[in-house]
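Remarks on the overall topology
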Amino acid sequence: QDCLNVTVTFAPKSIGQANNTLLVDTDDPKAARVSVPLSGTGSNPTISVDPTDIDFGTVYVGQSAAPRTVSVKNTGNGQLKVTAIGLTAGSSADYKVSARPALPATLRDNQQDTITFVVEFTPTNKGAINGAVQIDSTDAKSPQTTIAIKGTADYSIGHPCLIQSDCSGSFC
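The following refers to the structure shown. This is a predicted model, so every value here is computed, not measured. (Residues numbered from 1 in each chain as written. Predicted model: local features only at pLDDT ≥ 70, side-chain atom pairs only at ≥ 80, totals over all residues. Heavy atoms only, no water.)

Points about the layout of surface pockets
Here is the rule: Points on a 1 Å grid, built from protein atoms alone, make a cavity when a 1.4 Å probe fits but cannot get out and make a pocket when they are open with protein on both sides within 12 Å along at least 5 of 7 lines; residues with an atom within 4 Å of a point are the lining residues. Grid points are joined across faces, edges and corners, and a volume is the space filled by probe spheres set on the points. Note on conventions: DSSP H or I runs of at least 4 residues are helices, E runs of at least 2 residues are strands, and numbering of each starts at the N terminus.
In this structure, the largest pocket encloses a volume near 160 Å³. For the largest pocket, the full set of lining residues is Val8, Thr9, Phe10, Ala18, Asn19, Asn20, Leu38, Ser39 and Gly40. Elements supplying a minimum of two residues to the lining of the largest pocket: strand S1 (16-25) and strand S2 (33-42).

Regarding the pairing of strand S3 (residues 47-50)
This is how it is decided: Each residue gets one of three labels from its accessible area relative to the maximum for its type: buried under 20%, exposed over 50%, partly exposed in between, using a 1.4 Å probe on protein chains only. By definition, two strands form a pair when at least two bridges between them are found by DSSP.
Residues Ile47 and Val49 point to one face of S3 and are all buried, whereas Ser48 and Asp50, pointing to the other face, are not buried. Summarising the sheet, S3 and strand S5 (residues 68-74) pair through 4 bridges and their orientation is antiparallel. Each bridged residue has a counterpart across the sheet, and for Asp50 the counterpart in S5 is Ser71.

Focus on the environment of Ser98
We apply this condition: It only takes one pair of heavy atoms within 4.5 Å for two residues to be counted as in contact. Counting of polar contacts relies on pairs of N or O atoms within 3.5 Å, with two restrictions inside protein: one atom must be capable of donating a hydrogen and the other of accepting it, and residues adjacent in sequence are counted only when both atoms are side-chain atoms.
Following the sequence through the fold, Ser98 ends up in strand S7 (residues 95-98). Given a relative accessible area of 16%, Ser98 falls into the buried group. As a C-alpha pair, Ser98 and Gly86 span 12 residues in sequence and 9.1 Å in three-dimensional space. Contact partners of Ser98, with chain neighbours within four places excluded, come to Phe117, Val118 and Glu120. For Ser98, the side chain forms a polar contact with the side chain of Glu120, separated by 2.5 Å.

Here we look at the nonpolar core
For the record, the criterion: In these notes, a set of buried Ala, Val, Leu, Ile, Met, Phe, Trp, Tyr and Cys residues joined through side-chain atoms within 4.5 Å is what counts as a nonpolar core.
Core analysis: the largest hydrophobic core is formed by 26 residues, its most contacted members being Val72, Phe117 and Ile135. Of the residues forming this core, the biggest block, 4 residues, is contributed by strand S9 (residues 114-121).

Considerations on the sheet that holds S7
Put simply, the rule reads: Fitted lines through C-alpha atoms serve as axes, helices being fitted only where they are in contact, and the angles separating the N-to-C directions of these axes extend from 0 to 180 degrees.
An order of S3-S5-S9-S7 is seen for the 4 strands of this open sheet, with the pairing classed as antiparallel. Whereas interior strands pair on both sides, the edge strands pair on one side only; in this sheet they are S3 and S7. Averaged over all adjacent pairs, the angle separating strand axes in this sheet is 25°, with direction ignored. Looking at chain direction, S7 and S9 are connected through 4 bridges and run antiparallel. When the sheet's bridge partners are listed, Val97 is paired in S9 with Val119.

Digging into the sheet that holds strand S11 (residues 144-154)
Read across the open sheet, the 5 strands follow the order S4-S11-S10-S6-S8; overall the sheet is mixed. The open sheet is flanked by strand S4 (53-60) and strand S8 (105-107), the only strands paired with a single partner. Taken pair by pair, the neighbouring strands of this sheet meet at an average axis angle of 25°, ignoring direction. Sheet topology places S4 next to S11; 6 bridges connect them, and they run parallel. Each residue of the ladder has a partner; that of Val59, found in S11, is Ala153.

So this is what it looks like as structure tokens:
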């Protein structure tokens, strides 16, 4: 008894149910043609994040800015899986992502589900500080969604670097 394995691939070009039939012609006189029903559902999960960027404004060195909550939804059709959330390479260590959901997280379509996480900023040095958060998902058009984050750090009044350190007029 011979066996033949056949691989069928489903690559939908539209959203919704798709049906077809695989016809296999054989040399068996009792079953010259075998019909195998095929079905699948085309989907298009779409990630949506709010906010799309974060500006912490000016924050004093050593102080923490008010944390910002980021919401992630699926505005498309079909389930969206969020597989990773984190700072991108090169982001300042002054930023932190916390309160992450358990991953991978599956979001049903049409905004039925929301996951959130928090971005925190505690600057350690004066100046403009940039970074980004990356969210990895099964969104075919945007598998890596990036949220730009920025803030500016300054010294507060009374900070040692704003007080003259010696009689020569030197400041830190």
